[in-house]
Amino acid sequence: MSARIRTLLVDDERLARAELRRLLAVHPQIEIVGEATHAQEALAALEQLQPDLAFLDIQMPGMSGLQLAEHIEDRCQFVFCTAFDSFAIDAFGLNALDYLVKPVEPERLAKTIARLRPPEAQSTVATLPMEHGLLLKFGESARIVRLREIERFESVGNHAAVYSAHGQSFVLSSLNRIEQRLDPAHFFRVNRSCILRLDAIRSLEPDVGQGLVARTTSGAEIEVSRRAAQQLRARMAL
């Protein structure tokens, strides 16, 4: 990366900010331009400093890091940094680049830094790798589910249902936003309300109106619209 990444640290604990500053010091592409101790201070710093990246604590007095992220939107990249691993962080809905659990390990931080987009490329949305993990809730528990484990996403109001071998969960995000983050080599929008992982398709059968019915490895039957069916046939050389 030729351009330095202007970085803001947001955490109400001074020692946590100091530790993160120490860990980031070995990455020459990172330039720490400011710190904030709470969300309102962070919003003012975002306006004044125009950073390219922000590290956000989650539990802070007043507005949480999750709520702060909703205000950041596409103004800069951001990474959650929390002492708790039980938050169901909506990586799609909030567009988080990553989330780190304190104490942050240098090797884990290095992987996050490697995924940063240079400032001149931040207008584009980064595609998530198949090994990217989503922290999803299943009943009273939460677990990390890799994208390669997810069979499909379905639109449910202002949420999206996530189907995997672990069961059904939900993220607060539109299907359009989710589609932007997925690798089109692995996921395909089969109709207005469903995105399907391509290698989860077990068979395709003709449906009315030149559409298709996709049967998945889990046994689900998914309608493929006529327009999507034409593209899918071409991709699978049917």
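1. A look at the packing of aromatic side chains
Where two aromatic rings form a pair, the distance of their centres and the angle of their planes describe that pair.
Right, on to step 1. The full count for this structure, using the stated rule, is two aromatic pairs.
Right, on to step 2. Geometrically, the ring pair formed by Phe78 and Phe80 is edge-to-face, given 5.7 Å between the ring centres and 75° between the ring planes. As far as burial versus exposure is concerned, Phe78 and Phe80 are alike and both buried.
Right, on to step 3. Ring centres of Phe153 and Phe187 lie 6.0 Å apart, and the angle between their planes is 55°; on these two criteria the pair is classed as tilted. In this pair, Phe153 sits in strand E8 (residues 150-156) while Phe187 sits in strand E11 (residues 187-191), placing the two residues 34 residues apart along the sequence.
Right, on to step 4. A relative accessible area of 6% means that Phe187 is categorised as buried.
Right, on to step 5. Looking at Arg152, its charged tip hangs above the ring of Tyr163, at a distance of 3.8 Å from the centre.

2. Some words on unusual backbone geometry
Glycine aside, residues mostly have negative phi, and peptide bonds are mostly found in the trans state.
Right, on to step 1. Cis peptide bonds are those with omega within 30 degrees of zero, and the linkage from Lys102 to Pro103 qualifies with -5°.
Right, on to step 2. Its place among the elements puts Pro103 in the loop between strand E5 (98-101) and helix H5 (106-114).
Right, on to step 3. Its identity is not glycine, yet Gln50 carries a phi of approximately 50°, on the positive side.
Right, on to step 4. Residue placement: Gln50 occurs in the loop between helix H2 (39-49) and strand E3 (53-56).

3. Side note on the pairing of strand E9 (residues 159-164)
Right, on to step 1. Relative to E9, E8 runs antiparallel, the two being bridged by six bridges. If you follow Glu154 over to E9, its bridge partner there is Ala161.
Right, on to step 2. As consecutive antiparallel partners, E8 and E9 are separated by two residues, and within that stretch Gly157 has a phi angle of approximately 65°, a positive value.
Right, on to step 3. Two strands pair when backbone bridges link them, and E9 and strand E10 (residues 167-171) are joined in this way by five bridges, in the antiparallel orientation. Along E10, the bridge assignment pairs Ser164 with Gly167.
Right, on to step 4. The antiparallel hairpin formed by E9 and E10 contains two residues in its connecting segment.

4. With respect to the pairing of strand E2 (residues 30-36)
Right, on to step 1. Relative to E2, strand E1 (residues 5-10) is paired through six bridges, and the arrangement is parallel. Residue pairing for E2: Leu9 is matched across the bridge by Glu35.
Right, on to step 2. The parallel pair E1 and E2, bridged by helix H1 (residues 14-24), forms a crossover whose chirality is right-handed.

5. A word on the pattern of salt bridges
Here the idea is simple: oppositely charged side chains can pair when their charged atoms come close.
Right, on to step 1. Counting across every chain of the model gives 14 salt bridges.
Right, on to step 2. Across the pair Arg22 and Glu19 runs a salt bridge whose closest N-O atoms are separated by 2.7 Å. On the criterion of helical spacing, the pair formed by Arg22 and Glu19 is a turn pair, its members being three residues apart in helix H1.
Right, on to step 3. Arg152 serves as the salt-bridge partner of Glu154, at 2.8 Å between the closest nitrogen and oxygen.
Right, on to step 4. On the basis of relative accessibility, which here comes to 10%, the residue Arg152 falls in the buried class.
Right, on to step 5. Residues joined in a network through salt bridges with shared partners are Asp11, Asp57 and Lys102.

6. A short note on the sheet that holds strand E15 (residues 221-224)
Right, on to step 1. The three strands lie next to each other as E13-E14-E15, forming an open sheet whose pairing is antiparallel. The open sheet terminates on both sides in strands that have one partner only, identified here as strand E13 (201-206) and E15. Across the sheet, the mean angle from the axis of one strand to that of its neighbour is 25°, orientation sign disregarded.
Right, on to step 2. Helix H7 (residues 226-235) rests against E13, strand E14 (212-216) and E15 of the sheet, and its axis sits at about 100° to E15.

7. Examining the confidence of the model for the chain
Regions with low pLDDT carry predicted coordinates that are not meant to be interpreted in detail.
Right, on to step 1. Predicted confidence across the chain gives a mean pLDDT of 86, with 89% of residues reaching 70 or more.
Right, on to step 2. Across the chain, the secondary-structure element scoring lowest on mean pLDDT is helix H4 (residues 91-94), at 57, and the one scoring highest is strand E12 (residues 194-197), at 97.

Here is what the cut-offs are and how they apply
Note on numbering: residues in each chain are counted from 1, in written sequence order. Whole-chain, interface and lining totals are the exception, using all residues; otherwise, since this is a predicted model, local features are given only for residues with pLDDT of at least 70 and side-chain atom pairs are given and counted only at 80 or more. With hydrogens and water stripped out, all remaining heavy atoms of the structure feed into the side-chain values. Only rings of Phe, Tyr and Trp enter the pairing, Trp through its six-membered ring, and a pair is recorded when the two centres are within 6.5 Å. The plane angle decides the type: under 30 degrees is stacked, over 60 is edge-to-face, the rest tilted. Here the term buried applies to any residue with accessible area under 20% of the maximum for its type, exposed to any over 50%, and partly exposed to those in between, with areas from a 1.4 Å probe on protein chains only. Strands are runs of DSSP state E lasting at least 2 residues, helices are runs of H or I lasting at least 4, and numbering of each runs from the N terminus. A ring is considered to have a charge above it if a Lys NZ or an Arg CZ atom is located within 6 Å of its centre and within 35 degrees of its normal. Whether two strands pair depends on DSSP finding at least two bridges between them. For a crossover, the right-handed case is the one in which the path from the first strand over the helix to the second runs clockwise, viewed with the strands pointing away from the viewer. Salt bridges are identified by distance alone: a Lys or Arg side-chain nitrogen within 4 Å of an Asp or Glu carboxyl oxygen. Only the contacting stretch of a helix is used when fitting its axis, a line to C-alpha atoms as for every element, and angles between N-to-C directions run 0 to 180 degrees. Contact between two residues is taken to exist if any of their heavy atoms lie within 4.5 Å; hydrogens are not considered. Every residue carries a pLDDT, the predictor's confidence in it, which falls somewhere between 0 and 100.

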